[in-house]
Amino acid sequence: MIKILFFASIRELFNQEKIMIDINALSIQSADDLVNFFSQKEGGAWSELKKRKTKTKVAINQEMSGWNTAIKDGDEVAFLPPITGG
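Please read these numbers as outputs of a predicted model, since none were measured by experiment.

**Student:** Tell me about helix H2 (residues 31–41), and name the residues and values.
**Tutor:** Buried residues of H2: Ala31, Asp32, Leu34, Val35, Phe38 and Ser39, and no others. Across the axial projection of H2, the buried residues extend over an arc of 160 degrees, all falling on one side. In H2, the exposed positions angled more than 90 degrees off the buried face are occupied by Gln40 and Lys41. Buried residues along H2 sit in contact with strand S1 (2–6), strand S2 (18–21), helix H3 (44–51), strand S3 (57–60) and strand S5 (76–80). Just past H2, the residue Gly43 takes up positive phi, approximately 65 degrees.

Shown next, in the form of structure tokens:
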């Protein structure tokens, strides 16, 4: 199982803060694989996240990571929208 966290506008998109997904039976090895798999399987918020991918940051186990960084059972994957401020 991996824990997936959604922040700010992405949390609003999914209408939840976190979900747990068992990736052991799936061929998911990265955040990119995760979004591609669920955008094809479920569409909706996952498809919208895929569209926003170039502007969305990924953190794995609380460290900023690339979309193709390996994920494994027990990891925490967080999706963060662009930060704005003033």
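There's plenty left to go through after this.
**Student:** Give me the lowdown on the sheet that holds S2, citing residues and values where you can.
**Tutor:** Read from one edge to the other, the open sheet built from 5 strands follows the order S2-S1-S5-S3-S4, with strand pairing classed as mixed. Every interior strand has two partners, whereas the edge strands, S2 and strand S4 (63–65), have only one. Geometrically, the sheet is characterised by an average inter-axis angle of 30 degrees between neighbouring strands, direction not taken into account. Contacting S1, S2, S3 and S5, H2 runs over the sheet at an angle of about 75 degrees to S5.

The rules behind the values
- Residues numbered from 1 in each chain as written.
- Predicted model: local features only at pLDDT ≥ 70, side-chain atom pairs only at ≥ 80, totals over all residues.
- Heavy atoms only, no water.
- Buried < 20%, exposed > 50% of the residue type's maximum accessible area, 1.4 Å probe, protein only.
- Helix = DSSP H or I, 4+ residues; strand = E, 2+ residues; numbered from the N terminus.
- Arc of directions from axis to C-beta.
- Contact = heavy atoms within 4.5 Å.
- Pairing = 2+ DSSP bridges.
- Axes fitted to C-alpha atoms, helices over the stretch in contact; angles between N-to-C directions.

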